Amino acid sequence: MSNLMFRTPKGTHDVLPDDQQYMTYIKKSVRHRARQAGYRRIDPPIFEDRRIFERGIGEHTDIVEKELFRVSGKKESDANDTEFALRPEFTAGICRAYVEYGMQQLPQPVELYAIGPCFRHDRPQKGRYRQFHQFDLEVIGLKDPSLDAQLIQVTWNIFKDLRISDRLSLQINNIGTSENRKAYIEALKDFFIGKEGRLPEEDRGRLLANPLRLLDSKNEDTQILLKTAPLFTQFLSEESKQFHDTLLEYLTELGIPFNENPRLVRGLDYYGQTVFEFWDQSTGSQNAVGGGGRYDGLIEILGGKPTPGVGFAGGIERMIWHMKEAGVRVPNKDQVDVFVAQLGPEAKKKCLTLVSQLREKGIHTVGALGEASLKSQMRLADKFQSRYTLLLGKLEVKDGTIILKDMQAGKQKQIPYEQAIPEVIRLLGEKNLDTYEIRDQMGQMEE
Ligand code: HAM
């Protein structure tokens with residue numbers, strides 16, 4: 001058993017320290033832009049009654065048919081008794097919460113955002129994982145194209161903050177009311193009568209279960225056939241057309257570039273009217289960085305009163321990939337400011353306090369308080385890439401001094417021991433200290 005090597009499950013990955021910096025940067029932008037626009041945070045549970053997803057997202061979608069992680073609440077798992085599913089997305093859970101907590105009583109629209117892991121049992125490939133992270137924005141309770149436009153603007157601002165907006169193209173479409181879609185689906189089915197044999201097997205299945213998904217099929221034969229198929233726009237109601245045109249006017253007014261894409265349909269059944277996605281400009285629809293749209297029927301499916309909603313989710317791993325490709329650098333918050341080296345039992349004792357005092361001041365401090373030689377401590381300081389080293393030996397303890405070394409310049413000076421902290425603060429700059437003010441804020445709250 002000794003050579004047993006455990007690895008992360010297929011399609012999952014550790015978010016290692018280097019990637020945490022990207023994660024934190026993205027989360028900060030999301031929180032900042034969401035709060036600016038009046039959104040409040042919600043964390044739905046990671047697993048829910050599976051029917052929420054099955055009914056909400058749709059029985060015949062890939063997400064529900066192939067990708068749902070069904071889990072059992074029972075101790076002995078029984079394949080026929082999986083009541084729950086890991087969330088494949090946030091929207092259905094957030095709408096369940098809107099109904100469960102009577103949020104229709106709040107001033108409308110209710111704007112909520114979420115950030116966290118989602119799970120889809122997809123075939124893992126580049127940009128496609130079984131556990132991935134989304135940020136999600138939802139605007140529930142009112143219907144107006146200005147809400148769709150403002151939601152798109154918040155997401156656009158996030159992509160601008162992350163400096164990846166010029167790598168993305170916004171694709172937008174309106175897929176009408178459910179009556180419009182029903183009529184169109186009938187026309188599409190009629191069109192394909194006698195042509196089924198020319199469709200690949202997967203698309204033949206789609207024709208039966210979810211014909212709209214044929215529109216965004218990646219298969220060339222299907223795309224050739226579709227060239228002569230009826231167009232969705234012919235089936236759109238006046239009201240849908242007007243909603244769409246007004247939304248596009250608003251986007252133009254806000255200076256957000258978009259591509260009208262009449263073939264854009266989404267992989268989740270709850271959408272009606274507006275749908276949109278942010279595509280990688282170089283690879284197109286493959287690996288969209290995010291997508292969303294209007295879901296005016298979803299809350300009713302989940303047991304609430306008919307309530308409109310519009311929302312969006314971005315894929316954080318795909319955003320990080322774009323940031324790296326674009327050479328976007330994020331601040332390294334893990335930088336070690338000071339390395340404390342010491343020699344002799346007296347020095348070691350003093351350094352224990354010194355390390356803790358430096359940390360209290362908001363200075364990232366690492367101390368080599370083991371028994372290593374001075375030489376190996378200095379090697380360690382190099383490995384930690386610390387900016388400064390404070391060195392306390394037997395002699396310095398005796399005459400009340402300490403040695404301060406600038407690691408980059410390679411220069412060092414001897415200063416009075418009590419000058420060590422003020423001097424490091426001066427060199428780092430007050431504004432760069434990593435201070436933590438929770439105690440003060442709690443104090444204020446209690447007053
Ligand atoms: P979605 O298009 O299924 O929409 O997912 C949104 C984004 O999550 C995708 O564009 C992609 O970046 C990321 N994503 C999805 N699956 C994976 C995966 N297997 N691996 C890595 N990233 C992935 C939704 O989830 C809707 N709930 C969006 C929404 C919110 N609509 C209304 N409100």
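On a predicted model such as this, the values are computed, not experimentally measured, just so you know. (Residues numbered from 1 in each chain as written. Predicted model: local features only at pLDDT ≥ 70, side-chain atom pairs only at ≥ 80, totals over all residues. Heavy atoms only, no water.)

Attention now goes to the pairing of strand β11 (residues 309-315). Judged by how many residues are buried, β11 sits mostly within the fold: 7 of 7 residues are covered. Side chains of β11 alternate between two faces, with Gly309, Gly311, Ala313 and Gly315 and Val310, Phe312 and Gly314 buried alike. Where strand β6 (residues 131-140) lies against β11, 7 bridges are found, and the strand directions are antiparallel. Among the inter-strand pairings, Phe135 is bridged to a residue of β11, identified as Gly314. In this sheet, β11 lies alongside strand β10 (residues 290-294) in antiparallel orientation, the contact comprising 5 bridges. In the sheet register, Gly292 faces β11, and the bridge partner there is Phe312. (Buried < 20%, exposed > 50% of the residue type's maximum accessible area, 1.4 Å probe, protein only. Helix = DSSP H or I, 4+ residues; strand = E, 2+ residues; numbered from the N terminus. Pairing = 2+ DSSP bridges.)

To continue, consider the pairing of strand β9 (residues 274-280). Look at any regular strand and the pattern is simple: side chains alternate between the two faces of the sheet. Counting buried residues in β9 gives 7 out of 7 residues, a clear majority hidden from the surface. Residues of β9 alternate between two faces, with Thr274, Phe276, Phe278 and Asp280 on one and Val275, Glu277 and Trp279 on the opposite face, all of them buried. Here 7 bridges tie strand β7 (residues 168-174) to β9, and the two strands are oriented antiparallel to one another. Pairing of Ile172 across the sheet is with Phe276, part of β9. Pairing of β9 with β10 involves 4 bridges; the strand directions are antiparallel. Paired with Phe278 across the bridge in β10 is Gly290.

A word on the packing of aromatic side chains. As enumerated under the stated definition, the model contains 14 aromatic pairs in all. Here Phe47 and Phe84 contribute two aromatic rings whose centre-to-centre distance is 5.2 Å and whose plane-to-plane angle is 70°, an arrangement assigned as edge-to-face. Of the two residues, Phe47 is situated in strand β2 (residues 47-49) and Phe84 in strand β4 (residues 84-86); the sequence distance between them amounts to 37 residues. A relative accessible area of 23% means that Phe84 is categorised as partly exposed. Among the aromatic residues, those joined into a cluster by ring pairs are Phe135, Trp156, Phe159, Phe276, Phe278 and Phe312. Taking the ring centre of Phe191 as reference, the NZ or CZ of Lys195 above it sits at 4.0 Å. (Phe/Tyr/Trp six-rings, centres within 6.5 Å; stacked < 30°, edge-to-face > 60°. Lys NZ or Arg CZ within 6 Å of the ring centre and 35° of its normal.)

Evaluated as defined, the whole model comprises 21 salt bridges. Notably, a salt bridge pairs Glu202 with Lys66, separated by 4.0 Å at the nearest N-O pair. On the criterion of sequence distance, the pair formed by Glu202 in helix α7 (residues 201-209) and Lys66 in helix α3 (residues 62-67) is long-range, its members being 136 residues apart. Given the relative accessible area of 48%, Lys66 is considered partly exposed. Of the charged contacts, one joins Arg294 and Asp296 as a salt bridge, the two residues approaching to 2.9 Å between their closest N and O atoms. Judged by relative accessible area, Arg294 falls into the buried class, the value being 0%. Beyond isolated ion pairs, a larger network of salt bridges with shared partners links Lys143, Asp148, Arg294 and Asp296. (Salt bridge = Lys/Arg side-chain N within 4 Å of Asp/Glu carboxyl O.)

The next point concerns the domain arrangement of the protein. Segmentation of the protein into domains returns domain 1 (17-176 + 236-325) and domain 2 (338-428). On a C-alpha basis, the centres of domain 1 and domain 2 stand 50 Å from each other. (Domains from an automatic or database assignment.)

The next point concerns the layout of surface pockets. Its boundaries defined by the atoms lining it, the second largest pocket holds a volume of some 600 Å³. For the lining of the second largest pocket, the secondary-structure elements that each account for two or more residues are α2 (50-57), α6 (178-192) and α10 (298-301). Residue classes in the lining of the second largest pocket are distributed as 9 nonpolar, 10 polar and 8 charged. (1 Å grid on protein atoms, 1.4 Å probe; cavity = no way out; pocket = protein on both sides within 12 Å on 5 of 7 lines; lining within 4 Å. Points joined across faces, edges and corners; volume = space filled by probe spheres on them. Nonpolar A, V, L, I, M, F, W, Y, C, P; charged D, E, K, R; others polar.)

Around the ligand sit 27 residues, and of these Glu89, Thr91, Tyr129, Arg266 and Tyr271 come closest. Here Tyr271 contributes a side-chain N or O atom positioned 2.6 Å from a nitrogen atom of the ligand. One of the backbone N or O atoms of Ala288 is found 2.9 Å from an oxygen atom in the ligand. Here the ligand, which alone exposes 660 Å², has 96% of that area covered by the protein. When contributions to the shell around the ligand are tallied by element, the ones reaching two or more residues are β6, β10 and β11. (Near = heavy atom within 4 Å. Polar contact = N/O pair within 3.5 Å; in protein donor to acceptor, adjacent residues only side chain to side chain. Areas by Shrake-Rupley, 256 points an atom, 1.4 Å probe, with all protein chains shown as cover.)

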